[in-house]
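Listed here are the chains, written in short residue letters.
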Amino acid sequence: MSKQSGSASDKNIKSAWGSFGKGDYDKAFDLFNEATESVKDRSALFGRACSLYRMADYEGAIDDLNKLAKSEPSNPEIFHTRAHVYGSNEQYDKALADLEKVLSLDPENAEAWCDMGGLYLVTEEYSEASRCFGKTADLDKSCACAWLGKGVTALLMKEVKKAGEYLNIALKLDKKNTLAYMARAELSFSNGNSNEAIKDVKKLFSLDNDFKQRFSEQYASNEGDDEDRFDEKDIV
């Protein structure tokens, strides 16, 4: 009987992760929850936490992750996941504490360094963000997100030349990185180089179907604020 229960639980968990991968988080949650109730399986509890996070039930996700953190205090994956949940819930101090925990357990975790850089960007601590993105790039020079982070941080710190260099590297590594095109367009606009900015905005239109509408709405709300930027008809 125990074997059958375990086998059924394993099947449910596998199916749950399949649903999770397809973005069907409600179904994934139901399957993970069923597995958790039938067998005390940590992978089911972790999967349920991930599903709750994707469903924006941050408190529920944190509750499950707290249980896992208590039973597996040396597992960086748990603290890293909880950091994402805390960040989404705007509990930035707790997110930072969890990322520091991850890096104490796994000092060369490039993804955690990159996430910490992103967190420092949100809290406008640009020197710390630059340090974290720099560490990420040192660990993984092929990580486009690291160079994007370095570029955005440099842009916010008004280090124009560096921002351009870093964003170009990010786009060389990932030609579909919409955030990098957006940041580079902003950089070009701020430098008065509307032609280059328009090229990047057009590229964004081709990569992101929703961006054109968002851009048009933003342009309409800002119209007249900066006469030297561009004319929308040049883009559409």
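For the structure itself, consult the block above.
Note that the structure is a prediction, hence the values are computed from the model and not measured.

Calculation criteria
Residues numbered from 1 in each chain as written. Predicted model: local features only at pLDDT ≥ 70, side-chain atom pairs only at ≥ 80, totals over all residues. Heavy atoms only, no water. Helix = DSSP H or I, 4+ residues; strand = E, 2+ residues; numbered from the N terminus. Buried < 20%, exposed > 50% of the residue type's maximum accessible area, 1.4 Å probe, protein only. Contact = heavy atoms within 4.5 Å. Areas by Shrake-Rupley, 256 points an atom, 1.4 Å probe, with all protein chains shown as cover. Core = buried A, V, L, I, M, F, W, Y, C linked by side-chain atoms within 4.5 Å. Axes fitted to C-alpha atoms, helices over the stretch in contact; angles between N-to-C directions. Parallel < 35°, antiparallel > 145°, perpendicular 65-115°, else oblique. Left-handed = near helix turned anticlockwise from the far one by under 90°. Nonpolar A, V, L, I, M, F, W, Y, C, P; charged D, E, K, R; others polar. Phe/Tyr/Trp six-rings, centres within 6.5 Å; stacked < 30°, edge-to-face > 60°.

K.L.:
How should the overall build of the chain be read in this particular structure?
P.N.:
Along its length, the chain carries 13 helices and zero strands. When the helices and strands of the chain are listed from N to C terminus, the series reads α-α-α-α-α-α-α-α-α-α-α-α-α. When the 236 residues of the chain are sorted by exposure, 41% land in the buried category. Across the chain, the fraction of contacts at a sequence separation of at least 24, relative to all contacts at a separation of at least 6, is 42%. Surface exposure of the chain reaches about 13,500 Å², of which carbon and sulfur atoms provide 47%.

K.L.:
Please explain the nonpolar core as it appears in this structure.
P.N.:
Nonpolar side chains tend to gather and get buried jointly when the protein is soluble and globular. By size, the foremost hydrophobic cluster in this structure holds 38 residues, and its most contacted members are L65, L68, L99, M116 and Y120. When residues of this core are assigned to their parent elements, the largest contribution, seven residues, is made by helix α7 (residues 110-122). Among all residues touching L99, those that are not within four sequence positions of it are H80, A83, A112, D115, M116 and L119. Counting residues in hydrophobic clusters, the runner-up holds 22 residues, among them A180, A183, L204 and F205.

K.L.:
Honestly, the packing of helix α9 (residues 144-156) against helix α10 (residues 160-173) in this entry has me stumped. Any pointers?
P.N.:
When two helices pack together, their arrangement is given by the angle between the helix axes and by the axis-to-axis distance. Remark: α9 packs on α10, axes separated minimally by 8 Å, with the N-to-C direction vectors making an angle of 160°. The angle between α9 and α10 falls in the class roughly antiparallel. Where α9 crosses over α10, the two elements pack in a sense that is left-handed. Residue-level inspection shows A144, W147, L148, K150, G151, V152, A154 and L155 of α9 in contact with α10, the latter providing K162, A163, Y166, L167, I169, A170 and L173. Counted by class, the contact of α9 with α10 contains twelve nonpolar, one polar and two charged residues.

K.L.:
Looking at this model, I keep getting lost on the environment of T136. Mind explaining?
P.N.:
One can find T136 in helix α8 (residues 126-139). As a C-alpha pair, T136 and A110 span 26 residues in sequence and 4.9 Å in three-dimensional space. Not counting residues up to four positions away in its chain, the partners in contact with T136 are A110, W113, C114, C143 and A146.

K.L.:
Please explain the packing of aromatic side chains as it appears in this structure.
P.N.:
The relative placement of two aromatic rings is captured by the distance of their centres and the angle of their planes. Per the stated rule, a full pass over the model turns up six aromatic pairs. Both rings, one in W17 and one in F20, keep their centres 5.3 Å apart while their planes meet at 75°; by these two values the pair is edge-to-face. Taken as a pair, W17 and F20 lie in helix α1 (residues 2-21) at a separation of three residues, close to a single helical turn. Residue classification places W17 among the partly exposed residues on the basis of a relative accessible area of 32%.

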